[in-house]
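Coordinate inspection notes
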Amino acid sequence: MREILLLGDDGHLAAQLGKIDGARFAVRPIATVDEASGVPALIVLAAAGPFSASRSLITALKKRFPAVPLLVIGPCDDADKVKAIGAGAADILRPPVPDTDLRRHVVSLADGIEREHEMDDLIKQKNCLKCPLIRETHGYGRFIGSSPAIKKVFAQIEKVRKSSLNVFIHGESGTGKELVARTLHESSAHRDGPFMAINCGAIPEHLLESELFGYEKGAFTGADRPYNGKIIDADGGTLFLDEVSELPLKLQVKLLRFLEERKVTRLGSSRAQEVDVRLVCATNKDLRAMVRGNLFREDLYYRLVVYTIDLPPLRERREDIPLFFAHFLQEREERHEVHITRIEPEVVELLKNYPWPGNVREIINLVDHVLVSAEEGIVTVDALPPYVREPHGTPAERTEAGAPAPWRPRTIEELEKEAIIATLRHFNGNMAETARALGIGRATLYRKMASYHID
Ligand SMILES: Nc1ncnc2c1ncn2[C@@H]1O[C@H](COP(=O)(O)OP(=O)(O)OP(=O)(O)O)[C@@H](O)[C@H]1O
Ligand SMILES: [Mg+2]
């Protein structure tokens, strides 16, 4: 029987906790930290009054039981959550917590230690992969990397994964934002719930509203059956808002209200429905700059960015390049029916020097090219696409001989046109990839191409 230590409760939570798997957990209420003994599976702190009052208790409990997860239940706002997690709490929930939510958090946190062992095993498996380049890898599920920058991301995931805190992921296209969102979900207290992703940049405004918030039958012409919407569908799980910068202002207001009340009213309905979701947002834009330009609401911005994970571009973590290359080679060998036995060192050097504007996604595409081009299982320089073999930089930065061209003033329009042409060339005219790499919508790309007479 494993023990759940309950501190500061008036009897209310004890009754609620008692309903959770009585065969596995015994609840022991205590009045002060000094009464605690043994090593419980979980500590629940019922924190009455403002959060500031319970902070010292959190610190005291973590000092006494550093390895035992601590769940705080008490009034708090997002800023308090950050502080509580910073002080060592695994999570802090606002009362009243419905039975099902409490069960999910308790079971997941109490079993967390066992789960961590599983995670270790996963990492070990990755470490023993045959390819010597991968031996040094540290990974988090499918999410791998060995640079200090990516290890910091692992540590951040580890820190917030069990909490219900909103997480904001920022990074260039192809740096792994969606993968981080999924990893967070799969290792969170909500992992048994749904993972619902929605790309705010890919759906027109009027559809986005009903996609997110749902509607009742007859709410508008064509609404011939009720629809839950992604937020309600994500209840008990994770809602991933991709390209959140593209959320229209009207929906920003609605999202803010949802985050404040945690309730959704479907279009055409008069009844608000309570929803428990962990919100993860991602963007490749500078959302702060958008706030300054009045394109994004400041109040919503501060709600979203409580905990930010920055994914550095690949060119700023070049140590990861050989690792990714080897990893994806190995992963994709089978589907191409080739077996790579050797990678020439020059190849790795060229890859490390290439700027990777499309980041990890671009490495995956390159690996497919290499697997098709390699002969007799050996990756030579010839198996690389020409743009990787050539010296890098934009055409204006280099002359034919490869030396930097003398500086001359240019207009923003000139630079923009040049960037569009270079990126189009790089992605072989693929509009979607080009727009993504440039950080603009596809419609904007078409418009700009027309105005610069690029075809
Ligand atoms: N650290 C990593 N380990 C393993 N695979 C990764 C890693 N980072 C990215 N990937 C892979 O690279 C590809 C691109 O990642 P993902 O789709 O998450 O990027 P993104 O930041 O969401 O890009 P975009 O902004 O274009 O949507 C995916 O196939 C993903 O699995
Ligand atoms: Mg993405």
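Placed above this text is the structure.
Parameters and conventions
- Residues numbered from 1 in each chain as written.
- Chains lettered and ligands numbered in written order.
- Predicted model: local features only at pLDDT ≥ 70, side-chain atom pairs only at ≥ 80, totals over all residues.
- Heavy atoms only, no water.
- Helix = DSSP H or I, 4+ residues; strand = E, 2+ residues; numbered from the N terminus.
- Buried < 20%, exposed > 50% of the residue type's maximum accessible area, 1.4 Å probe, protein only.
- Contact = heavy atoms within 4.5 Å.
- Areas by Shrake-Rupley, 256 points an atom, 1.4 Å probe, with all protein chains shown as cover.
- Near = heavy atom within 4 Å.
- Polar contact = N/O pair within 3.5 Å; in protein donor to acceptor, adjacent residues only side chain to side chain.
- Nonpolar A, V, L, I, M, F, W, Y, C, P; charged D, E, K, R; others polar.
- Domains from an automatic or database assignment.
- Axes fitted to C-alpha atoms, helices over the stretch in contact; angles between N-to-C directions.
- Parallel < 35°, antiparallel > 145°, perpendicular 65-115°, else oblique.
- Salt bridge = Lys/Arg side-chain N within 4 Å of Asp/Glu carboxyl O.
- Phe/Tyr/Trp six-rings, centres within 6.5 Å; stacked < 30°, edge-to-face > 60°.
- Lys NZ or Arg CZ within 6 Å of the ring centre and 35° of its normal.
- Left-handed = near helix turned anticlockwise from the far one by under 90°.
- Pairing = 2+ DSSP bridges.

Digging into the overall build of the chain
Tallying secondary structure elements over the chain gives 19 helices and 16 strands in all. Within the chain, buried positions represent 46% of all 455 residues. Put simply, 69% of the contacts in the chain that link residues at least 6 apart link residues at least 24 apart. For the chain, the exposed area adds up to about 22,600 Å²; of that, 52% sits on carbon and sulfur atoms.

Observations regarding the site of ligand 1
Taken together, 17 residues surround ligand 1, and among them I144, S173, G174, K177 and R436 come closest. E178 places a main-chain nitrogen or oxygen 3.1 Å from an oxygen atom of ligand 1. In this structure, L179 approaches ligand 1 through a main-chain N or O atom, which is 3.0 Å from an oxygen atom. For the shell around ligand 1, the elements supplying multiple residues, two or more each, are strand 7 (143-145), helix 7 (177-186), helix 13 (320-336) and helix 15 (359-373). Grouping the amino acids of the shell around ligand 1 by side-chain chemistry returns 7 nonpolar, 4 polar and 6 charged. Residue contributions to the shell around ligand 1 reach at least three from each of two domains, namely domain 2 (147-311) and domain 3 (315-397).

Points about the packing of helix 2 (residues 51-64) against helix 3 (residues 78-86)
The interhelical angle for the contact between helix 2 and helix 3, taken along N-to-C directions, is 10°, at an axis separation of 10 Å. Relative to helix 3, the element helix 2 lies roughly parallel. Across the interface between the two elements, F51, R55 and I58 of helix 2 pack against D80, K83 and A84 of helix 3. Residue composition of the contact of helix 2 with helix 3, by class: 3 nonpolar, no polar and 3 charged.

Some details on the pattern of salt bridges
Following the criterion strictly, the structure yields 18 salt bridges and no others. Salt-bridge contacts for R317 lead to D320; the nearest nitrogen and oxygen are separated by 3.5 Å. A cluster of three or more residues bridged by salt bridges with shared partners is formed by D101, R104 and D276.

Things to note about unusual backbone geometry
P95 connects to P96 through a cis peptide bond whose omega is -5°. Inspection of the secondary structure assignment puts P96 in the loop between strand 5 (91-93) and helix 4 (99-110). Here N359, not a glycine, exhibits a phi torsion of approximately 55°, which is positive. Mapped onto the elements, N359 comes out in helix 15. Of note, N428 is a non-glycine position whose phi angle comes to about 50°, a positive value. Along the chain, N428 turns up in the loop between helix 17 (412-426) and helix 18 (431-438).

A closer look at the packing of aromatic side chains
For the structure on display, the rule yields 8 aromatic pairs. Their ring planes at 80° and their centres at 5.5 Å tell us that F143 and F154 sit as a pair that is edge-to-face. Here the residue F143 occupies a position in strand 7, and F154 occupies one in helix 6 (residues 148-160), the gap between them amounting to 11 residues. By the ring-pair criterion, three or more aromatic residues cluster together here, those being Y215, F220 and Y227. Against the face of F213 rests K254, its NZ or CZ located 4.5 Å from the ring centre.

A few points about the packing of helix 13 against helix 15
At a minimum axis separation of 9 Å, helix 13 and helix 15 run at an interaxial angle of 50°. It follows from the interaxial angle that helix 13 and helix 15 lie oblique. Relative to helix 15, helix 13 is oriented so that their crossing is right-handed. Where helix 13 abuts helix 15, its residues I321, F324, F325, F328, L329, R332, E333 and H336 lie against V360, I363, I364, L366, V367, D368, V370, L371 and V372.

Side note on the pairing of strand 3 (residues 42-46)
Extensive coverage of strand 3 is indicated by the burial of 5 of its 5 residues. Burial along strand 3 is two-sided: L42, V44 and A46 and I43 and L45, pointing in opposite directions, are all buried. As judged from the 4 bridges shared by strand 1 (residues 2-7) and strand 3, these two strands associate in the parallel manner. For I4, the partnering residue across the bridge sits in strand 3 and is L42. Strand direction decides the pairing type here: strand 3 and strand 4 (residues 70-73), joined by 4 bridges, are parallel. Bridge assignment links A46 to a residue of strand 4, and that residue is I73.

Let's talk about the sheet that holds strand 5
The strand order across the open sheet formed by 5 strands is 2-1-3-4-5, and the pairing between neighbours is parallel. Where the open sheet ends on each side, the last strands, each with one partner, are strand 2 (25-30) and strand 5. Taking each pair of neighbouring strands and ignoring which way they run, the sheet shows an average axis angle of 20°. Two elements, strand 1 and strand 2, share 6 bridges in a ladder whose sense is parallel.

Remarks on the pairing of strand 10 (residues 238-242)
The element strand 10 is largely enclosed, with a buried count of 5 among its 5 residues. Of the two faces of strand 10, both are covered, the one formed by T238, F240 and D242 as well as the one formed by L239 and L241. Relative to strand 10, strand 9 (residues 195-199) runs parallel, the two sharing 5 bridges. Residue pairing in the sheet places A197 in a bridge with F240 of strand 10.

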